[in-house]
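# Residue-level structure breakdown
The chain contents come next:
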Amino acid sequence: MDIALVHGSYHGAWCWDLLRPELERLGHRVVAIDLPISDRTADFGAYATAVENALPPDSVPLLVGHSMGGLVIPLVAARRPVQRMVFV
């Protein structure tokens, strides 16, 4: 299964560093996305685009959104097929 990990505000992809290897050990393909949070002009649409761009085009991922990432993952799901969404 493909899993996309989307961080919350004041975080980065680094916040998934302990979880990612465990998921990969279980056989999942994992992508931890760095959102462009330091770009003051970026909005939630730009965050969703960053997630989309990080995913392989043929992937139908499980999206995991932490905190503010939970506002981003439904936007991604509206743009492309996903298996499910998990809100943390």
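This text goes with the structure placed above it.
Predicted model only: the values in this text are computed from it and were never measured. (Residues numbered from 1 in each chain as written. Predicted model: local features only at pLDDT ≥ 70, side-chain atom pairs only at ≥ 80, totals over all residues. Heavy atoms only, no water.)

### Some thoughts on the nonpolar core
Across soluble globular proteins, you tend to see nonpolar side chains buried next to one another. Counting 16 residues, the largest nonpolar core has Val6, Ile33, Leu35, Tyr47, Val51, Val72 and Val76 as the members making the most contacts within it. Of all the elements in the fold, those that place two or more residues in this core are strand 1 (2-6), strand 2 (29-33), helix 2 (44-54) and helix 3 (69-79). Looking at which element gives the most residues to this core, the answer is helix 2, with four residues. For Val76, the residues in contact, after removing those within four places along its chain, are Ala48, Val51, Glu52 and Leu63. Counting residues in each nonpolar core, the second largest holds nine residues, with Leu5, Trp16, Val30 and Ala32 among its members. (Core = buried A, V, L, I, M, F, W, Y, C linked by side-chain atoms within 4.5 Å. Buried < 20%, exposed > 50% of the residue type's maximum accessible area, 1.4 Å probe, protein only. Helix = DSSP H or I, 4+ residues; strand = E, 2+ residues; numbered from the N terminus. Contact = heavy atoms within 4.5 Å.)

### A look at the sheet that holds strand 3 (residues 62-65)
With respect to topology, four strands assemble into an open sheet ordered 2-1-3-4, the strand pairing being parallel. Both edges of this open sheet fall to strand 2 and strand 4 (84-87), since each of them pairs with a single strand only. Across the sheet, the mean angle separating the axes of adjacent strands is 20° when strand polarity is ignored. Pairing of strand 1 with strand 2 involves five bridges; the strand directions are parallel. Each bridged residue has a counterpart across the sheet, and for Val6 the counterpart in strand 2 is Ile33. (Pairing = 2+ DSSP bridges. Axes fitted to C-alpha atoms, helices over the stretch in contact; angles between N-to-C directions.)

### What about empty space enclosed by the protein?
In the structure shown here, the tally under the stated rule is one cavity of 30 Å³ or more. Empty space within the largest cavity amounts to approximately 40 Å³. Asp2, Ile3, Ala4, Arg29, Val31, Leu55, Pro56, Ser59 and Pro61 are the residues that line the largest cavity. When contributions to the lining of the largest cavity are tallied by element, the ones reaching two or more residues are strand 1 and strand 2. Counting residues per element, the lining of the largest cavity draws most heavily on strand 1, at three residues. For the lining of the largest cavity, the per-class residue count stands at six nonpolar, one polar and two charged. (1 Å grid on protein atoms, 1.4 Å probe; cavity = no way out; pocket = protein on both sides within 12 Å on 5 of 7 lines; lining within 4 Å. Points joined across faces, edges and corners; volume = space filled by probe spheres on them. Nonpolar A, V, L, I, M, F, W, Y, C, P; charged D, E, K, R; others polar.)

### Points about the environment of Val60
Considering the arrangement of structural elements, one finds Val60 in the loop between helix 2 and strand 3. Considered as a pair, Val60 and Leu75 are 15 residues apart in the sequence and their alpha carbons are 15 Å apart. Excluding anything up to four places from it in sequence, Val60 contacts Asp2, Arg80, Pro81, Val82 and Gln83.

### Some details on the pairing of strand 3
Side chains of strand 3 alternate between two faces, with Leu62 and Val64 and Leu63 and Gly65 buried alike. Of the strand pairs in this sheet, strand 3 and strand 4 are connected by four bridges, and their pairing is parallel. Paired with Val64 across the strands is Val86, a residue of strand 4. Running through helix 3, the crossover from strand 3 to the neighbouring parallel element strand 4 is right-handed. (Right-handed = clockwise from strand over helix to strand, strands pointing away.)

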